[in-house]
Amino acid sequence: MTTFLEMSGISKRFGGVHALRDVDLTLEVGEVHCLVGENGSGKSTLIKIISGVEAPEPGGRIVISGKEYPKLSPVYSTHCGIQVIYQDLSLFSNLTVVENIAMAHHLGGVHTVNWSSMRAIAMATMAKVGIEVDPETKVSELSIAGRQLVAICRALAADAKLLIMDEPTASLTRHEVNTLIKLVSDLKRSGICVVFVSHRLDEVLEIAERVTVLRDGAKVGTFAAAAIDGSKLSHLMTGKAFEYQKQVPDLAVGAVVLEVQGLGRDGDYDDVSLQLRAGEVVGLTGLLGSGRTELALSLFGMNPPDRGTMALDGHRVVLNTNADAIRRGIAYVSEDRLTLGLILDQSITSNVTLTVLERLAGAFGLIGTRARQSHVARWVAELGIKVSDPNNPVKTLSGGNQQRIVLAKWMATNPRVLILDSPTVGVDIRAKDGIYEIIRRLAREGVAVLMISDEIPEVLYHSHRVLVMREGRLTADVMAADTSEDALRQAVNA
Amino acid sequence: MPKSRFASFGRFRRSHEFWLLIVILVLCASLGAANGQFLTMQNLFDLLTSYAFVGILALGLLVVLIAGGIDISFTATASVAQYVTLTVANAYGANWVCVFAIAIGIGGTLGALNAIFIQKLRIPSIIVSVATLNIFYGLLIFFTGGKYIYSLPDWFATGIFWFEFDWGKDTSYGVNLQILALGFSFLFTWLLLNRSNIGRQIYAMGGNTDAAQRLGFHVFGLNMLVYCYMGVMAGIASLVQAQLAQSVAPTVLVGKELDVVAAVVLGGASLMGGVGTVLGTFLGLALLAILQNGIILLGVSSYWSPFFVGLVILISVSATAWSQRERRTRSARP
């Protein structure tokens, strides 16, 4: 085998955070190589360095087809035949399939557009990949799987020698994943190196020849896929420093707080019935697009359901806005804390007090500085947030501490039901442990917690009960103690 | 390929432009029935002449909107270009090539200033152009004292009148400066957007800037070009307007921005970027012109004109948003 790309000593820092530490990677011509690791392990950063979007810290070495580069730029790396299909696909949804596939035609100096040659290029690659859509449709009208095929066509039309796919299966059905896996093996046979980035271990082992594992920005190792199995891989990804026991429900698990019957919303989810009890942590998992976030938003009043009923403490409620939900003691910590959960440029104090401004208000609705300060001091101490000055902007904190600020903001409302959407995305393992500790404590205090997560071990080891959603329906509702990672994984992917 | 032609007609039938065309035809038919003056050659040529200024600016703005930006400083740019160009022409003498070169140069320079602030300092384009609108206009009023220029060079005041032909007893028509410039602007903008790789890069950038950057598009260069193009269009439009008005009035153009925005938005261009066509802009301009003209011909007080224009914009934009939402919910889950 010949080596296509060799990198060594690659590091990258963002502010104070080490996203990558001294990573090596070798990719051979015509191999399928998987890059795995938990969220925040540095997979995406490594890809951005290969594609030239980010420059590594000085001292690293990148060799492509025998030629050494201190760093790459998007133009160089495209020139070397490196094509990345990002998770967002980077397509131009306002333009047609033809124009997206043959977009490289538009590069270079000013020239007239040769529509018929663009069409010919697009048709040829579409035939190679085997998509059957009207080439003049706009990409915005295609399904996610269709868009992904268009993105693959675009990479092939640009003469890809190395094709990197970032979480390509995240929003595909099992059937679509199979089609993709078949396509990838066809590409491999034509001498293209495919790097598959995923944290779905079963797919990784099905498709790859070699697997490189990253954890916390460092490389754990590169392994032959044949010599490794799922449980070993998850061990390598998560590390053994933090071993969790399954949560056994406390006998004190109390009354049903929230009950949902036959909830449905067209296009999102349907026929969902569930109960959340006081003092219970319920994990909810499923693929992106399985309807889990949409369901959570409905419980928080932001995505009103078309059908079904909701009851809080046995009384029927209709939540039309999130203000209704907050008033009734439901809190929601969003998945994307950076854009939805926090106002990054404002101070820690402003962020923590945001949800309780009415309560802190004194005479004439004005808020005293002292009331604010003592409120913030209390929560900072309670959650063990490391803060040098509460007047600093939130963006000066680390990811784990930012997440605690979001939790503090909502815990201050004294919620009865706390919905956490992917609470540990982008925080390192140590900070994750701290967040789990907070979740357990909240449950002990009698809050009903609904924790949504992509990561099966997370829901398995940190919930009392696990719900699985697939294609808009609730397909499993089991006690964590009675199930296993494999069983859950199967329920998720089916 | 009759099949693909059929498919492309199917696509056209679902487009914003198709509905716009229907509305215009219905409006024309009813206005024509209500007033014999409306569907005459005379009125058609008058409309083209008097809407050339708005139309040329609309084409510049279309390109900016497709690129994902917005610019409302163009009326101030046009005022400056007009005033400086004709002052120079009066003082030193000039010809058509000269005046257009000067006006285009001024317009392009002011557009480049916008682009630099928007791209280099990453200030939202709406804020930059509100500021530059006031700066350009403020400086113009300060230095001119708001004085009109009434005496224009003879050749300029006479204008051009090509392909003259007689119609009926004593009316004659021809291609005047306004119609010529409007036609040229439409043709050139269409070529830029549909037949040059630069135009397609502008569409792509407006649709997904991150992806355009990843592909190696020169995002700064494209934006520079787009805002300069807007400025150049403002320069051309300013001379067209001065020739029609037979004077230069530094205070009358500023305030007409929203007519231009109205025409482009009616034509289906999206403020989110990446969407809009030259045909749509033509139809949007036509709808605006027919509405305003129709109100006058029907003898309705022209004070009602803004009301109807606003109403039509609201209805048209709502209809498009509604049909898109319908289509999305239908395709959300099979």
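Residues numbered from 1 in each chain as written. Chains lettered and ligands numbered in written order. Predicted model: local features only at pLDDT ≥ 70, side-chain atom pairs only at ≥ 80, totals over all residues.

Novice: Help me understand the nonpolar core, please; the structure alone is not making it clear to me.
Specialist: Among the nonpolar cores identified, the biggest contains 164 residues, and B:I56, B:L57 and B:L61 are the most heavily contacted of them. Per-element accounting of this core gives the leading share, 15 residues, to helix α12 (residues 219–245) of chain B. Sequence-distant contacts of B:I56, defined by excluding residues within four places in its chain, comprise B:A181, B:L182, B:S185, B:M233, B:I236, B:A237 and B:V240. Counting residues in each nonpolar core, the second largest holds 67 residues, with A:L287, A:A296, A:I348 and A:A448 among its members. (Core = buried A, V, L, I, M, F, W, Y, C linked by C-beta atoms within 7 Å. Buried ≥ 20, exposed ≤ 12 C-beta atoms within 10 Å, placed from the backbone. Helix = DSSP H or I, 4+ residues; strand = E, 2+ residues; numbered from the N terminus. Contact = placed C-beta atoms within 7 Å.)

Novice: Would you explain the packing of helix α4 (residues 52–66) of chain B against helix α13 (residues 257–266) of chain B in this entry?
Specialist: Residues and elements named next belong to chain B. With their axes 9 Å apart at the nearest point, α4 and α13 run at an angle of 65° to one another. Like other packed secondary-structure pairs, α4 and α13 cross with a definite hand, here right-handed. Touching V54, L57, A58, L61, L62 and L65 of α4 are D259, V260, V261, A263 and V264, all from α13. Of the residues that constitute the contact of α4 with α13, the class distribution is 10 nonpolar, no polar and 1 charged. (Axes fitted to C-alpha atoms, helices over the stretch in contact; angles between N-to-C directions. Left-handed = near helix turned anticlockwise from the far one by under 90°. Nonpolar A, V, L, I, M, F, W, Y, C, P; charged D, E, K, R; others polar.)

Novice: Help me understand the sheet that holds strand β3 (residues 32–36) of chain A, please; the structure alone is not making it clear to me.
Specialist: Hydrogen bonds between backbone groups are what pair the strands of a sheet, and the pairing can be parallel or antiparallel. Residue and element names in this part refer to chain A. The 6 strands lie next to each other as β6-β7-β8-β3-β9-β10, forming an open sheet whose pairing is mixed. A single partner strand is all that each edge strand has here, and the edge strands are β6 (82–85) and β10 (218–224). Here the average twist between neighbouring strands, direction ignored, is 15°. Here 6 bridges tie strand β9 (residues 210–215) to β10, and the two strands are oriented antiparallel to one another. For V213, the partnering residue across the bridge sits in β10 and is G221. Running at roughly 150° to strand β7 (residues 162–166), helix α1 (residues 43–50) makes contact with β3, β6, β7, β8 (193–197) and β9 of the sheet. (Pairing = 2+ DSSP bridges.)

Novice: Sorry if this is basic, but what is going on with the confidence of the model for chain B here?
Specialist: Across chain B, the average pLDDT comes to 88, with 93% of residues at or above 70. At the level of chain-chain contacts, confidence expressed as ipTM amounts to 0.86, with global pTM at 0.75. (pLDDT = per-residue confidence, 0-100.)

Novice: Whenever I open this one, the sheet that holds strand β1 (residues 3–14) of chain A confuses me. Can you help?
Specialist: All names here are of chain A. With respect to topology, 4 strands assemble into an open sheet ordered β2-β1-β4-β5, the strand pairing being antiparallel. Each edge of the open sheet carries a strand with a single partner, namely β2 (17–28) and β5 (67–69). The average angle at which neighbouring strand axes cross in this sheet is 20°, direction not considered. Taken together, the 8 bridges between β1 and β2 define a ladder with antiparallel strand orientation. Among the inter-strand pairings, M7 is bridged to a residue of β2, identified as L25. Its contacts with the sheet put α1 on β1 and β2, and the angle it makes with β2 is roughly 60°.

Novice: I would appreciate a short explanation of the domain arrangement of chain A in the present structure.
Specialist: In many reports, interface size means the accessible area that the parts give up when they come together. Domain boundaries in chain A define domain 1 (3–238) and domain 2 (256–493). The gap between the C-alpha centroids of domain 1 of chain A and domain 2 of chain A is 33 Å. (Domains from an automatic or database assignment.)

Novice: Would you take a moment to explain helix α9 (residues 292–299) of chain A for this structure?
Specialist: Every α-helix carries 3.6 residues per turn, so stepping three or four residues along brings you back to the same face. All names here are of chain A. Among the 8 residues that make up α9, 7 are buried, leaving the element largely enclosed by the rest of the structure. Among the residues of α9, R292, T293, L295, A296, L297, S298 and L299 are the ones counted as buried. Downstream of α9 by a residue or two, G301 has a phi angle that is positive, lying close to 80°.

Novice: Please explain unusual backbone geometry as it appears in this structure.
Specialist: Keep in mind that most residues, glycine aside, have a negative phi and that most peptide bonds are trans. The phi torsion at A:E471 lies on the positive side, around 45°, for a residue other than glycine. You can see A:E471 is positioned in the loop between β19 (465–470) and β20 (473–479). One non-glycine residue with positive phi stands out, namely B:R122, at about 55°. You can see B:R122 is positioned in the loop between α6 (96–120) and α7 (125–144).

Novice: What exactly am I supposed to notice about the environment of B:Y303 here?
Specialist: Residues and elements named next belong to chain B. Looking at the element boundaries, Y303 is found in the loop between α14 (278–297) and α15 (305–332). Assessed through the 8 C-beta atoms surrounding it within 10 Å, Y303 is described here as exposed. Once the C-alpha coordinates of Y303 and G60 are considered, the two residues, 243 residues apart in sequence, prove to be 28 Å apart.

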